[in-house]
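Each chain is listed here by its residues.
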Amino acid sequence: FNYCPPNQISESKLVNITNHTFGTICCVWMTSSSEAFRIIPDEREIPAGKTGSFAINFRPENLSQFYAKEMECFAFYKTLCDYRHVDTAAVSPPWCLTVRASGHTFAPGTENFLPKMTFDPKNMVFPATIAGQPSYRTAVARNMGDTPVLFDLSSTSTETFLAKPSHGLLQDSYQVFVFQMLPKEAKVYKHVLKCQLNASDSNPQDLLLSGSGETPAISLGNEGQLFFRPTCLHTTSSSLHSLTNTCRLPVHFQWKLEGVEPGLLRVNPSAGTILPNETQTHEWQFTPQESKRYSLRAALQASLSPLGGVAAGPSPSKVKAVLSVLGQGTCGEIQCQPSTLGCGTVIIGTSQTHTLTLLNPGPC
């Protein structure tokens, strides 16, 4: 509510409550008839799947004064009105819904109190988060003056950046605010959130909010290719390959060797987590069973692992990268030079020395 003359009732504003359960609920508002803000009706029943409307009236009593209040509504199943009709296992606590209302009685053109309110910090960088899941920051506002300050952050709020409380009356020395960033897609977000003070645009406070939504991003080394030298059948050769997490969140990965003969190709580790901007080196082992060239494909599945634990909400999308693996199985071969060695006549009790060269002409 904006300006309202004392002892008059302002235009009503509606608050709708929707019942998403399968039973009838009762809504009861914790209000008093002596307060400046009144809700009509203060209680009602809402059938399953229906919406109930409540009217909020503002009736101030004093001139040149700010008003603000957080009103609570408790909603519970109608069957819980009498505990004797409900099984103990089916008893559930009520829901608490809150609505903040504010208004003032400073007539247009009247000079109101000069606000002295500061935010700490004024520039907030949100932790990186999965696209579609929230990230939070807190800030403290301090009232450096000796009069209450009416604040309003709702006018420049967006679907991406929200503040709670969005408006109210700062009567104490400080107020803690919680800011939420909810990115819809993977990109960098920046927004200037303006805080209106004492219902006037002459002394705003600007808050710079920034953050990013992320999707899993893995970069495979050597352009996504892995080569093994020619390997003798039933022996094992090893090769190292690196991968880098290029996003700002930990990435959980898992290698999938679909369509590969058992024992032909192995990787260590086969699953794990890569921290932001970390490069890991994985060891691959190749054990050919036939004498031929191998062209294999290993799939890497990656998904984001949010900082601080498991994220709420739907599972984030996965990305897939393919590693091309090339190798060759071959049979070993050894040649002797010379192929025939003649020792001639040797006297008993003496010896002769000849040189024999072993040659490996194969690729392994």
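Now for a look at the structure at hand. (Residues numbered from 1 in each chain as written. Predicted model: local features only at pLDDT ≥ 70, side-chain atom pairs only at ≥ 80, totals over all residues. Heavy atoms only, no water.)

**Focus on the nonpolar core**
Consideration 1: Counting residues in each nonpolar core, the largest one holds 28 residues, and the members touching the most others are Ile218, Leu220, Trp255, Trp284, Leu300 and Leu323.
Consideration 2: Contributing elements (two or more residues each) for this core: β18 (218-220), β22 (251-256), β23 (265-268), β25 (279-286), β26 (293-304) and β27 (319-330).
Consideration 3: Broken down by element, this core gets its largest block of residues, six residues, from β26.
Consideration 4: Here Ile218 is in contact with Leu243, Thr244, Asn245, Thr246, Val251, Ile274, Leu300 and Ala302, once residues within four sequence places are set aside.
Consideration 5: Of all hydrophobic cores here, the second largest spans 21 residues; its members include Met117, Tyr189, Cys195 and Leu207. (Core = buried A, V, L, I, M, F, W, Y, C linked by side-chain atoms within 4.5 Å. Buried < 20%, exposed > 50% of the residue type's maximum accessible area, 1.4 Å probe, protein only. Helix = DSSP H or I, 4+ residues; strand = E, 2+ residues; numbered from the N terminus. Contact = heavy atoms within 4.5 Å.)

**Section: the pattern of salt bridges**
Consideration 1: Tallied over the full model, the rule gives five salt bridges.
Consideration 2: Notably, a salt bridge pairs Glu35 with Lys69, separated by 3.5 Å at the nearest N-O pair. Taken as a pair, Glu35 in the loop between β2 (25-29) and β3 (37-40) and Lys69 in strand β6 (residues 66-77) lie far apart in primary sequence, 34 residues in all.
Consideration 3: Assessed through its relative accessible area of 24%, Glu35 is described here as partly exposed.
Consideration 4: With its nearest N and O atoms 3.2 Å apart, the salt bridge here joins Glu45 to Lys78. You can see Glu45 sitting in strand β4 (residues 43-46) and its partner Lys78 sitting in the loop between β6 and β7 (95-104), a full 33 residues away along the chain.
Consideration 5: With relative accessibility at 41%, the residue Glu45 sits in the partly exposed group.
Consideration 6: Here Lys78 falls in the partly exposed class, since its relative accessible area comes to 39%. (Salt bridge = Lys/Arg side-chain N within 4 Å of Asp/Glu carboxyl O.)

**Regarding the sheet that holds β3**
Consideration 1: An order of β1-β5-β3 is seen for the three strands of this open sheet, with the pairing classed as antiparallel. Each of the sheet's edge strands pairs with one partner strand only, and the pair in question is β1 (13-18) and β3. The average undirected angle you get between the axes of adjacent strands in this sheet is 30 degrees.
Consideration 2: Sheet analysis places β1 next to strand β5 (residues 51-58), joined by six bridges and oriented antiparallel. Residue pairing in the sheet places Leu14 in a bridge with Ala55 of β5. (Pairing = 2+ DSSP bridges. Axes fitted to C-alpha atoms, helices over the stretch in contact; angles between N-to-C directions.)

**A short note on a nonpolar patch on the surface**
Consideration 1: Side chains of Ile334, Leu356 and Leu358 sit close together on the surface and give an oily, nonpolar patch of about 340 Å² of accessible area.
Consideration 2: Assignment of secondary structure puts Leu356 in the loop between β28 (335-337) and β29 (357-359). (Patch = residues over 30% accessible without salt bridge, like charges linked within 9 Å, V, L, I, M, F, W, Y side chains within 5 Å. Areas by Shrake-Rupley, 256 points an atom, 1.4 Å probe, with all protein chains shown as cover.)

**Topic: the packing of aromatic side chains**
Consideration 1: Enumeration according to the criterion identifies 14 aromatic pairs in this entry.
Consideration 2: Judged by centre distance (4.8 Å) and plane angle (40 degrees), the rings of Phe66 and Phe106 are tilted. Pair noted here: Phe66 is in strand β6 and Phe106 is in the loop between β7 and β8 (117-120), with a separation of 40 residues, a long-range link. Residue Phe66 shares its accessibility class with Phe106, and that shared class is buried.
Consideration 3: Ring pairs connect the aromatic residues Phe1, Phe37, Phe58 and Tyr67, which therefore count as one cluster. (Phe/Tyr/Trp six-rings, centres within 6.5 Å; stacked < 30°, edge-to-face > 60°.)

**Thoughts on the sheet that holds strand β13 (residues 161-164)**
Consideration 1: The strand order across the open sheet formed by four strands is β8-β11-β15-β13, and the pairing between neighbours is antiparallel. Of all the strands in the sheet, the pair left with one neighbour each is β8 and β13. Shown here is a sheet whose adjacent strand axes are inclined to one another by a mean of 25 degrees, direction ignored.
Consideration 2: Taken together, the four bridges between β8 and strand β11 (residues 135-143) define a ladder with antiparallel strand orientation. Opposite Phe119, over in β11, you have Ala141 as the bridge partner.

Interpretation in functional terms is not warranted from these geometric data alone.
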